[in-house]
Amino acid sequence: MEERRQDTARQAALDYHEFPRPGKLEIRATKPLANGRDLSRAYSPGVAEACLEIKADPANASRYTARGNLVAVVSNGTAVLGLGNIGAAASKPVMEGKAVLFKKFANIDCFDIEVNESDPERLAEIVCALEPTFGAINLEDIKAPDCFIVEKLCRERMNIPVFHDDQHGTAIVVGAAATNALHVAGKAFDQIKVVSTGGGAAGIACLDMLLKLGVRRENVWLCDIHGLVHEGRAEDMNPQKAAYAQATEKRSLAEVIDGADLFLGLSGPGVLKPEMVARMAPRPIIFALANPNPEIQPDEARAVAPDAIIATGRSDFPNQVNNVLCFPFIFRGALDVGATTINDEMELACIEGIAALARATTAAEAAAAYRGETLTFGPDYLIPKPFDPRLVGVVSSAVARAAMESGVAMRPIADLDGYKRKLDGSVFRSAMIMRPVFEAAATTERRIVFAEGEDERVLRAANAMLEETTDTPILIGRPEVIAARAERAGLPIRPERDFEIVNPENDPRYRDYWETYHQLMARRGVSPDIARAIMRTNTTAIGAVMVHRDEADSLICGTFGQYNWHLQYVRQVLARDGLYPVGALSMIILEDGPLFIADTQCHNDPTPQQVAEVAIGAARHVRRFGLTPKIALCSHSQFGNLDTYTGRKMREALSLLDAREPDFMYDGEMHVDAALDADLRDRIFPGSRLEGTANVLLFPGTDAASAVRNALKMRANGLEVGPILMGMGNRAHIVTPSITTRGLLNMSVLAGTPVTHYS
């Protein structure tokens, strides 16, 4: 059975690399090449202008070419992780994979370059000759001690960052993990004894980094396959190992392990025995990083030292020391400030950024990617997970700052806070477009009640509100359930201390709430008994009553259940004093910007009057995001070419809008392609009122609007903000079950913006 599983996994891995096309990379053009005009700019004669600008000032290469965002991953295949010296060609899948990680985690373009050259000096010459092409060099999987020679020569001769990831990337992540492990264990770098196995590039680099963090050289004991590195030893020595030679008669790992606070393994399986762990210091820290099999299995270590703090190189154990936590982000920061090298200050900044992130509250996106794992800072969570989206903002901006402060940045960034926001916006795609709304919300303090307060997404959103906004969350749910789920999710927030709770099962305001609801609904068939039952079981109705009673400013509901079910209770309680649901507006953030879709939820078959009201409401809400509304009334009919029901409806809505003379651009009825393509629209209907591309698509019914909304989300990788419930004075918003924590935070900020900011 096990053999069959291994065969299946092997074939799956091969299929992954072969289909639907070989390899993991492709090259795509970033500029249009559709006609002769484009060709003359991309190549001859227009390309000469860029060439001459670069000849005049070589720094312009980062302005007119991709060089400033281009990294080379270079290897000769002599020390491929877990495989050894397999040669340059066989290392290509690994190098392609590294390039994919650069793109995925930091949006850095990358070429993998495999070189048939085993002589380190000649390999260094080849790499140095590549400097005009690349903004930085990532050396990978080159055996020791050759890798030290190659990196030293390249750093001396090149004026761009050169970074051997097997050395420094591993050392940085080990440094971050060690920083937090000592924090948990209550120990300090300058007091600990370190015993290490593995005298290769990664092992030496990790020890060098530990010294920079404060470990005393005399407290470091390095062992390799030949035993302890000691003074006078001649076998398999090099200057890097010799720096850690101890003056002692001891010769083996077993002899030096006594009292060790930190074991650092970068060697092979089974090197560290349980009886050795038993002789280490109390609360031992064990980094068994050999792959695929560590120096000791975690359960074996804990059998003799239950309080051990353990990290491995494997993803199926807690605390995976993975270089992907480092290299994309240190390169991102270095490239963005035009650093000429990656120095100690930048590496230490990277360590502190990674370590601090693990001590902060876990990102909801990371929790979703690693569902079922405990992501609370402590012995089993020393470093962030690779899919934590905050890494690029925190780590890259720290690296950029360190590069600037240490004097190696050729293109300093004036606004580092703005730079971090931009980086966050690259992973939190809603961050930039939501910024005007966050700024408006920051001018006031509003109370936001969440109907589904026991949902983990709501708990994480409430925590984010307390960290990032001035608003106050109120959660409806059972206190013991909320407390248990917050603790399980690793959130610091607790009921009553950090936010108010309304307990449907036992709340002192229960009588006030059901009497209020009964008073509102008594002539609409709701008896006192029904009112009591609803106020015990229906959290949306409870939240609406709270807003009606001015105990909250806005309600957010809908994380489960059907939209219209929630809408009926919002209508019952809050649709009064001129407020009523006008329509639902969804903003879909696409690669080229936001596109608003309406009405996605409220009116299945709206009247022309309702369509016109949706258009007016959409224009008002689009302005909340700092955008100029351009509204297309969409239909199967196009500017009167079909006498259809929807065409007539949209033409009548157009007339109603004309009568009101609104202060925004709109036109219709038209097809979606005409709305989004100004050239096409001009050919069909010259002189349209719209200019450029429409940013609001208004449909004649929810079927069409919802279909487009979902198609953009699922097939165009669109990210939704909303639905925004228009016409309710910001007193209620109904989300959908697919909403994420980030989506709930965005909706809470929208709800936290006073109406006066966008009316």
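Once a new chain begins, its residue numbering starts again from 1 and follows that chain's sequence as written. With the structure being a predicted model, the display of local features is reserved for residues of pLDDT at least 70 and the display and counting of side-chain atom pairs for 80 or more, all residues being used for whole-chain, interface and lining totals. Hydrogens and waters are ignored; side-chain quantities use all the structure's heavy atoms.

A.B. asks: Describe the overall build of the protein, naming the residues involved and giving the relevant values.
C.D. replies: The helix count covers DSSP runs of H or I at least four residues long, the strand count covers runs of E at least two residues long, and both are numbered beginning at the N terminus. Counting its secondary structure elements, the protein contains 31 helices and 21 strands. Its C-alpha atoms put the protein at 95 × 75 × 55 Å along the principal axes. For every residue, the accessible area obtained with a 1.4 Å probe (protein chains only) is divided by the maximum for its type, and the residue is called buried under 20%, exposed over 50%, and partly exposed between those limits. A buried classification covers 53% of the 759 residues belonging to the protein. Whether two residues are in contact is decided by their heavy atoms: any pair within 4.5 Å suffices. Restricting the contact set of the protein to residue pairs at least 6 apart, pairs at least 24 apart contribute 70%. For the charge count, each Lys or Arg is scored as positive and each Asp or Glu as negative, with His and the chain ends excluded. Here the site of a charge means atom NZ of a Lys, CZ of an Arg, CG of an Asp or CD of a Glu. Of the charged side chains in the protein, 81 are positive and 98 negative; the average position of the first set lies 3 Å away from that of the second.

A.B. asks: So what about the sheet that holds strand β17 (residues 630-634)? Which residues, and what values?
C.D. replies: Any two strands with at least two DSSP bridges between them are considered paired. Here we have six strands laid out as an open sheet, ordered β18-β17-β19-β16-β15-β20, and mixed in their pairing. Each having just a single partner strand, β18 (665-670) and β20 (719-726) make up the two edges of the open sheet. Each strand axis lies, on average, 20° off the axis of its neighbour in the sheet, ignoring direction. Pairing geometry for strand β15 (residues 583-590) and strand β16 (residues 593-598), over six bridges, is antiparallel. Residue pairing across strands places L590 opposite G593, the latter belonging to β16. Helix-sheet contacts for helix α26 (residues 608-624) involve β15, β16, β17, β19 (696-698) and β20, and the interaxial angle to β20 is about 125°. Structural elements are reduced to axes, namely lines fitted to C-alpha atoms, with helices fitted over the stretch in contact, and the angle between N-to-C directions of any two is expressed from 0 to 180 degrees.

A.B. asks: How would you summarise the environment of S396 if you had to cite specific residues and measurements?
C.D. replies: By the element assignment, S396 lies in helix α17 (residues 391-405). In this structure the C-alpha to C-alpha distance between S396 and D336, which are 60 residues apart in sequence, comes to 9.0 Å. Pairs of N or O atoms are called polar contacts if they sit within 3.5 Å, as long as, within protein, a hydrogen donor faces a hydrogen acceptor (for residues adjacent in sequence, only side-chain-to-side-chain pairs). Reaching out from S396, the side chain makes a polar contact with the backbone oxygen of F329 at a distance of 3.0 Å.

A.B. asks: So what's going on with the sheet that holds strand β21 (residues 732-734)? Residues and values would help.
C.D. replies: Ordered in space as β13-β12-β11-β14-β21, the five strands form an open sheet in which the pairing is parallel. Each end of this open sheet is capped by a strand with a single partner; those strands are β13 (500-502) and β21. Strand after strand, the sheet turns through a mean of 20° between neighbouring axes, direction not considered. Two strands pair when backbone bridges link them, and strand β14 (residues 554-557) and β21 are joined in this way by three bridges, in the parallel orientation. Looking across to β21, one finds that C557 is bridged to I734. The sheet contacts of helix α24 (residues 539-548) involve β11 (447-450), β12 (472-476), β13 and β14, and relative to β14 the element is tilted by about 170°.

A.B. asks: Explain the nonpolar core to me, using residue names and the numbers behind them.
C.D. replies: In this description, a nonpolar core means a group of buried Ala, Val, Leu, Ile, Met, Phe, Trp, Tyr and Cys residues linked to one another through side-chain atoms lying within 4.5 Å. With 99 residues, the main nonpolar core has I137 and F287 as its most contacted residues. The dominant element in this core, judged by the number of residues it contributes, is helix α8 (residues 165-185), at ten residues. Excluding residues within four positions of it along the chain, I137 makes contact with A72, V74, V127, M158, I160, P161, V162, F163 and F331. In this structure, V582, L633, L698 and A751 belong to the second largest nonpolar core, which totals 56 residues.

A.B. asks: Could you give an account of helix α14 (residues 327-336), with specific residues and numbers?
C.D. replies: In terms of burial, α14 is a largely internal element, nine of the ten residues being buried. Of all the residues in α14, the buried ones are F327, P328, F329, I330, F331, R332, G333, A334 and L335. Just beyond α14, the residue with positive phi is G338, at close to 65°.

A.B. asks: Give me the lowdown on the UniProt feature "domain: Malic enzyme N-terminal" (unreviewed entry) in the protein, citing residues and values where you can.
C.D. replies: UniProt positions are given in the numbering used here, feature names are shortened, and annotations may be inferred rather than shown by experiment. Here, UniProt's "domain: Malic enzyme N-terminal" (unreviewed entry) annotation points to residues 22-155. Secondary structure content for residues 22-155 is 41% helix and 12% strand, while the C-alpha to C-alpha distance between its ends is 34 Å.

A.B. asks: Got a sec to walk through helix α23 (residues 528-537)? Specific residues and values, please.
C.D. replies: In an α-helix, one full turn covers 3.6 residues, which means residues spaced three or four apart are oriented alike. Considered for burial, the residues of α23 that qualify are A531, I534 and M535. The arc enclosing the buried residues of α23, seen along the axis, measures out at 95°, which places them on a common side. The exposed residues of α23 that point more than 90 degrees off its buried face are D529 and T537. For α23, the elements touching its buried residues are α22 (510-521), α24 and α25 (563-574). It is the directions from the helix axis to the C-beta atoms that the arc portrays.

A.B. asks: Break down the packing of α22 against α24 for me, with residues and values.
C.D. replies: Remark: α22 packs on α24, axes separated minimally by 10 Å, with the N-to-C direction vectors making an angle of 85°. As the angle between them shows, α22 and α24 are arranged roughly perpendicular. Of the residues in α24, those touching α22 at Y513, T516, Y517 and L520 are I542, V545, M546 and H548. Any residue outside Ala, Val, Leu, Ile, Met, Phe, Trp, Tyr, Cys, Pro, Asp, Glu, Lys and Arg is labelled polar, Gly included; the first ten of those are nonpolar and the last four are charged. Residues belonging to the contact of α22 with α24 are distributed by class as follows: six nonpolar, two polar and no charged. Each angle is binned into one of four classes, with values under 35 degrees roughly parallel, values over 145 roughly antiparallel, values of 65 to 115 roughly perpendicular, and all other values oblique.

A.B. asks: Could you give an account of unusual backbone geometry, naming the residues involved and the relevant values?
C.D. replies: Each neighbour pair has its own omega, and for S44 with P45 the value is 5°, a cis peptide bond. By secondary structure assignment, the location of P45 is in the loop between α2 (36-42) and α3 (47-56). With an omega dihedral of -5°, the bond running from G668 to E669 counts as a cis peptide bond. Locating E669 in the fold gives a position in strand β18. Backbone geometry at D236 places phi at a positive 50°, although glycine is not the residue there. Here D236 shows up in the loop between β7 (227-228) and α10 (239-242). Since its relative accessible area comes to 42%, D236 is described here as partly exposed. Even without being glycine, D550 reaches a positive phi, approximately 60°. For D550, the position within the fold is in the loop between α24 and β14.

A.B. asks: Break down the pattern of salt bridges for me, citing the residues and quoting the values.
C.D. replies: What counts as a salt bridge is simple: a side-chain nitrogen of Lys or Arg found within 4 Å of a carboxyl oxygen of Asp or Glu. Inspection of the entire model under this criterion finds 44 salt bridges. Residue K92 is joined to E114 by a salt bridge in which the shortest nitrogen-to-oxygen separation is 3.4 Å. Here K92, found in helix α5 (residues 92-106), pairs with E114, found in strand β2 (residues 109-114); they are 22 residues apart in sequence, far enough to count as distant. In this structure, a network of salt bridges that share partners links the residues E500, D507, R509, D512, R549 and E551.

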